[in-house]
Every structure is written in C-alpha cells, then in structure tokens.
Amino acid sequence: MTAPFHKRTLAKQLLSLALTTLALSGLSLNAQAQDWPKQSIKFVVPFTAGSGTDIVARAVAEKLGTALGQPVVIENKPGAGGTIAANQVAKANPDGYTLLVHSSGHVVNPAIYPNLPYDTLNDLVGITSLASLPNVMVVSPSKGFKDVKDLIAKVKAKPDGFNYASAGTGSATHINAEKFRVAAGINATHIPFKGTPEALTETISGRIDWFFAPIVSALPLIKDGKLQVLAVGTPKRSDDLPNTPTTVEAGVPGSEYTFWVGMLAPSKTPKPVLDKLNAEVVKILNSTEFKTKLDNIGAAPMPMTSSAFNGFIKSETEGIAKLVQAAGIKAN
C-alpha cells in the first residue's frame, strides 16, 4: 500500500514542478517582451536602396521606431536573389533585434536554389506581410513599342533578339516577367541586376528591352517621360495609372502577378516578441496616415496575423515552385 502511495505523491510533485517551471517560463517570456526593445532594431533588406522593398521597409521603419522608442535602421544586403540577406537573418540571434524585410521573391528561392544554407519554412518565421504593390511593364520610349501586342509581335518575329531585366534571379520582378513571358509564348534573354535602380537605369538607356518594375520606383520616371509604361502586372489596374491596362487586358491571360513585401524573423524568436511586433506593425499599416503614404507610392497595406502570413508563405512557396519548373528558371 505504501509504494503506490509514494509513487502517486512523487508523480504529483513532478507534475507540480513541471507546471511551475512552465508558468515561470511564460512569465519570463512575457517579461522579455515587456522589456523589449532595449536597443536599436535592424531591418535587413535583400535589395539595393531605392528598390520597392527598400522603400516600404524604410516607411515602416520610421513609424515603428517611433512606436517602440528605439531606432530602426536599414541594412541593404543585395545579392543571390535575396538569399544572402535571408541567411544572415536566419542565422542571427533570435532576440527580435535582427529582422528581414523581403519581397515575394522569398518564396521563389527554395525552387531555384537547391542547396540553400537555410530552410525557408523552418528557419524564418513570418511576422506580417506589409504591402502589395503593382509591377509595371516599362520600356524606353526610344524602343518604339506601341503597346504590349506590338512588343510580343516584334519579339516573336525576331526570336532571341530581345532581353528583359530583373532585380535579380528569383526576385519578384523576375517572376512577374517570367509569368508574362510564359503566358505570351515568347523567348527573350533574362538579364538580372543587383537591384531595381540598376535595372531601371539600363531600361532607360535602351540597352534593356523591358522590365517589370515596382510602381513605387518607376512612377516618377514614367511621369518625367524617361520611361514608357505598357501594362500593369497585377490583376486590377493601378489607381496611379488608371489608363494603363493590365497585362491580361492587354491580351495575355494568365500573366497577372502580385508583388508583396513582408517582415520575418529568426524562427526561435520568442513568441511574445513576435506578437508585439505584429501588433505594432499592423497598427501602423492600418493607420490612415500610413495608408495615405503607401497610396502616394502606389502601394497598399497588406496586414496579416503571423499565423495567416506563415500559411500564405507556405502556399506561395508551393505555387511558385510549379511556375519555376514551367519557366525553366535556374539560379545563375
């Protein structure tokens, strides 16, 4: 009779100890979130300054720094389709002080880089998507393209005689271009650049035939007459270019694409810190002032819960893998 009694007593004591440890752990994490941040926060951006992703990151950083009482600094780390920056953050101390602001190119990389030094779905956790913004198909006015159909006809008449730019292999600008190319049934040479500004410069010069540029970067150049816009890559027209057709309206069904920007952290970042980040950033995205700011650069806020954003990333990763295979996209 004594042994079973002692076993039951010991089991209760162990259970009580486990519950106490769990409770203390929870209190510790909550305390960590309350004390966080104690220092500046870094946004690692995988593209050059002036790119669509960079512009959105800087707009969020300014407001988030004010809300949290600590500066948020930008570190531009371009190269390899964003994998250099993503790997840096994936391997960073998961304390909430090093975050990744990436584009939808993030979900492309697992399909084109077979030996990534990090696991896209397991080493990084989504905090929230930040914004969606159209890519616009731009050309140099010197090229003389009348419209999208004219461009397609000229490319088909001279196979391998044309090229198109991207802000890097696997970037959102590249995927938009590939969706268009596959849907239009044309062949051209892909020329990847380090970032959007470089690709825009070469497009203006006429050395590049076309480029699906983020509207936030291209709009001032379109207004100045340095670039000609042929179409918008998104399913719906842009309010900033109401007279410009979508690529689908221009006669290329199946070519639509949405470029998004999102915020991620190392996967082991404490949940209370992630929750605090999500709450503060979503509050910023939902503010009238910030919506107006994004509207002025052709973007729209895209707030999500962390759970929803991670589900979105998983779904996008699976869908893009099919496109990569169909388009034959490979890392340089």
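To start, this report covers the structure provided alongside it. (Residues numbered from 1 in each chain as written. Predicted model: local features only at pLDDT ≥ 70, side-chain atom pairs only at ≥ 80, totals over all residues. Heavy atoms only, no water.)

Regarding the nonpolar core
In summary, soluble globular proteins display a tendency toward joint burial of nonpolar side chains. Selection rule: The set of buried Ala, Val, Leu, Ile, Met, Phe, Trp, Tyr and Cys residues whose side-chain atoms join them within 4.5 Å is what this entry labels a nonpolar core. When accessible area is computed with a 1.4 Å probe and restricted to protein chains, residues below 20% of their type maximum are described as buried, those above 50% as exposed, and intermediate ones as partly exposed. Helix numbers and strand numbers start at the N terminus; a helix is a DSSP run of H or I with at least 4 residues, a strand a run of E with at least 2. Pairs of residues are marked as contacts when any of their non-hydrogen atoms sit within 4.5 Å.
Membership of the largest hydrophobic core comes to 60 residues, with the highest contact counts inside it found for F43 and L130. The element that contributes the greatest number of residues to this core is helix α2 (residues 52-68), accounting for 7 residues. Once residues lying within four places of it in the same chain are set aside, the contact partners of F43 are A57, V60, A61, L64, V72, V73, I74, E75, L99, V101 and M263. In terms of nonpolar packing, the next biggest core, distinct from the first, is built from 20 residues, L151, F180, F212 and A231 among them.

Here we look at the side chain of T53
Inspection of the secondary structure assignment puts T53 in helix α2. When neighbours within four sequence positions are excluded, T53 is seen to be in contact with V45, F47, V101, H102, S103, F259 and V261.

Looking at the layout of surface pockets
Just so we agree on the cut-off: In this analysis the probe radius is 1.4 Å and the grid spacing 1 Å, with only protein atoms considered; a cavity is a set of points the probe fits into but cannot get out of, a pocket is an open set with protein on both sides within 12 Å along at least five of seven lines, and lining residues have an atom within 4 Å of a point. Grid points are joined across faces, edges and corners, and a volume is the space filled by probe spheres set on the points. Classification used: nonpolar for Ala, Val, Leu, Ile, Met, Phe, Trp, Tyr, Cys and Pro, charged for Asp, Glu, Lys and Arg, polar for all others including Gly.
Taken as a whole, the largest pocket encloses approximately 310 Å³ of empty space. Forming the boundary of the largest pocket are 15 residues, of which S132, P134, T234, R237 and A300 lie nearest the centre. A class-by-class count of the residues in the lining of the largest pocket yields 5 nonpolar, 5 polar and 5 charged. Taken together, K179, P235, E256, Y257, T258, W260, M302, F312, S315, E316, G319 and I320 form the lining of the second largest pocket. Of the residues forming the lining of the second largest pocket, the biggest block, 5 residues, is contributed by helix α11 (residues 306-327). Classifying every residue of the lining of the second largest pocket gives 6 nonpolar, 3 polar and 3 charged.

Re the sheet that holds strand β7 (residues 189-192)
In plain terms, the rule: By definition, two strands form a pair when at least two bridges between them are found by DSSP. Whenever a helix is involved, its axis is fitted only over the stretch in contact; in every case the axis is a line through C-alpha atoms, and angles between N-to-C directions fall within 0 to 180 degrees.
The 5 strands are arranged β7-β6-β8-β5-β9 in an open sheet whose pairing can be described as mixed. One side of each edge strand has no neighbouring strand; the edge strands of this open sheet are β7 and β9 (228-232). With direction set aside, neighbouring strand axes in the sheet form an average angle of 30°. Here strand β5 (residues 135-139) runs beside strand β8 (residues 210-214); their pairing, made up of 4 bridges, is antiparallel.

Comments concerning empty space enclosed by the protein
In total, this model carries 1 cavity of 30 Å³ or more according to the counting rule given. Taken as a whole, the largest cavity holds about 70 Å³ of empty space. Surrounding the largest cavity, F47, S51, G52, T53, S103, A167, S171, A172, T173, T196, P214 and F259 form its lining. Of all elements in the fold, only α2 and α6 (172-184) reach the threshold of two or more residues within the lining of the largest cavity.

Observations regarding the packing of α2 against helix α10 (residues 288-296)
Basically, it comes down to this: Any angle that falls under 35 degrees is termed roughly parallel, while one over 145 is termed roughly antiparallel, one within 65 to 115 roughly perpendicular, and all others oblique. The handedness criterion is simple: a crossing whose near helix is rotated anticlockwise from the far helix by less than a right angle is left-handed, and one whose near helix is rotated clockwise is right-handed.
In the contact formed by α2 and α10, the axes pass within 11 Å of each other and the chain directions differ by 160°. With respect to α10, the element α2 is oriented roughly antiparallel. Where α2 crosses over α10, the two elements pack in a sense that is right-handed. Contacts from A59, V60, E62 and K63 of α2 reach α10 at E289, F290 and K293.

Quick word on the environment of P134
Within the secondary structure layout, P134 lies in the loop between β4 (124-133) and β5. Counting along the chain gives 166 residues from P134 to A300, while the straight-line C-alpha distance between them is 9.3 Å. If we skip the residues at most four places from it in the chain, P134 touches A213, P214, I215, V232, T234, S238 and G298.

Details of helix α9 (residues 271-286)
Heads up, the condition is: For a helix, the expected span equals 1.5 Å multiplied by the number of residues minus one.
Given a rise of 1.5 Å per residue, 16 residues ought to cover 22 Å, and the 22 Å separating the end C-alpha atoms of α9 matches this to within 8%. Taken together, the buried positions of α9 are occupied by P272, V273, L274, L277, N278, E280, V281, V282, I284 and L285.

Side note on the side chain of S51
Applicable threshold: Here a polar contact is taken to be a pair of N or O atoms separated by no more than 3.5 Å, where protein atoms must pair a possible hydrogen donor with a possible acceptor and residues adjacent in sequence count only if both atoms sit in side chains.
Note on placement: S51 falls in the loop between β1 (41-45) and α2. Polar contacts involving the side chain of S51 include one to the main-chain carbonyl oxygen of T48, which spans 2.9 Å. With sequence-adjacent residues up to four places away left out, S51 is seen in contact with T196, P197 and S217.

A few points about unusual backbone geometry
Between W36 and P37 the backbone carries a cis peptide bond, its omega angle lying at 0°. Take P37: it is sitting in the loop between α1 (2-35) and β1. Phi is positive for A80, close to 55°, though the residue is something other than glycine. Here A80 shows up in the loop between β2 (72-76) and α3 (83-90).

Quick look at the pairing of β1
Quick reminder of the rule: Convention used here: a crossover is right-handed provided that the path from the first strand, over the helix, to the second strand proceeds clockwise when the strands point away from the viewer.
With respect to burial, β1 is a largely interior element, 4 of its 5 residues being buried. Note that β1 and β2 share 5 bridges and pair parallel. Along β2, the bridge assignment pairs K42 with V73. Taken together, β1, α2 and β2 form a β-α-β motif whose crossover is right-handed. Sheet analysis places β1 next to strand β3 (residues 98-103), joined by 3 bridges and oriented parallel.

On their own, these measurements won't tell you what the molecule is for.
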